[in-house]
Amino acid sequence: MERDVTELLGTTDVELLSAGEVIDAALEHLPSVALACSFQKEESVLVDMLLEREPKARIFTLDTHVLFPESYELWRDLERRYGIRLEVYEGPSLGRQAATHGEALWERNPDLCCSIRKLAPLAAALQGLDGWITGVRRDQAPSRASTPKLGWDDRHELWKASPLADWSDDDVWAYLRERELPVNPLHARGYASIGCTHCTAPGTGRDGRWTGSSKTECGLHA
Ligand code: SF4
């Protein structure tokens, strides 16, 4: 059932809120809220913004078991820097997936692979939450162009905040530099978007995701 953001914000125009104000609104109006962290530059910004406001804020990640070593390293860096532990949600081991569905499922049926390794863990992560916070930006892909800064997520049936929705790539980099934040080194090697090793190549926007196939999203956001 679609719900309107005025339920949370009254007459406040969510589009006029800054990224920090969107996080403030999420923390104020959503009793149980957590940030989804996928170790891209947007999450480096959001982890910093969120913990500055609420040091005990919940942050979770979906460990597909096939993330880049650089992403696992950034994970540990963030935990060390902020003195936190990320909540981890994960699919079956690679061995169990291979035993059930055969080897290299990501090559033969990436939708099923994403469903097992991303969507099912996400459903577990969102269980019991009133809302989640994501690093989605409108200019990342046409499928994300109408992302609201805060709105009802009909797909997952909870509120979803995307505080950086109207930020450009330059805005993100400026914040990272100003705050001297840790950032995934893969960005400097041409990866604008970072996912699993088997399905991510260098590229602009989300061009490097599932190259050579018509798949553009894993189903978490679109
Ligand atoms: S991005 Fe690739 S490896 Fe990762 S869950 Fe989806 S299909 Fe599997």
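Definitions and cut-offs
Residues numbered from 1 in each chain as written. Predicted model: local features only at pLDDT ≥ 70, side-chain atom pairs only at ≥ 80, totals over all residues. Heavy atoms only, no water. Helix = DSSP H or I, 4+ residues; strand = E, 2+ residues; numbered from the N terminus. Buried < 20%, exposed > 50% of the residue type's maximum accessible area, 1.4 Å probe, protein only. Contact = heavy atoms within 4.5 Å. Lys, Arg positive; Asp, Glu negative; His and termini not counted. Charge placed at Lys NZ, Arg CZ, Asp CG, Glu CD. Polar contact = N/O pair within 3.5 Å; in protein donor to acceptor, adjacent residues only side chain to side chain. Salt bridge = Lys/Arg side-chain N within 4 Å of Asp/Glu carboxyl O.

Draft legend 1. Representation of the overall build of the chain within the structure. Tallying secondary structure elements over the chain gives eight helices and six strands in all. Across the chain, helices and strands are ordered from the amino to the carboxyl terminus as α-α-β-α-β-α-β-α-α-α-β-β-β-α. Expressed as a percentage of its 222 residues, the buried residues of the chain come to 52%. Pairs at least 24 apart in sequence give 69% of the contacts found in the chain among residues at least 6 apart. Here the chain carries 25 positive and 36 negative side-chain charges, and the mean point of each set is 5 Å from the other.

Draft legend 2. Spotlight on the side chain of Ser44. Within the secondary structure, Ser44 sits in helix H3 (residues 41-53). According to the relative accessible area criterion, Ser44 is buried, its value standing at 2%. Here Pro182 takes part through its backbone oxygen, which lies 2.7 Å from a polar atom of the side chain of Ser44. Those residues within four positions of Ser44 in sequence are excluded, and the remaining contacts are Leu74, Leu176, Leu181, Pro182 and Val183.

Draft legend 3. Geometry of the pattern of salt bridges. Inspection of the entire model under this criterion finds 19 salt bridges. Across the pair Lys41 and Asp169 runs a salt bridge whose closest N-O atoms are separated by 3.0 Å. In this pair, Lys41 sits in helix H3 while Asp169 sits in helix H8 (residues 169-179), placing the two residues 128 residues apart along the sequence. The class for Asp169 is partly exposed, based on a relative accessible area of 34%.

Honestly, it's all geometry; don't read function into it.
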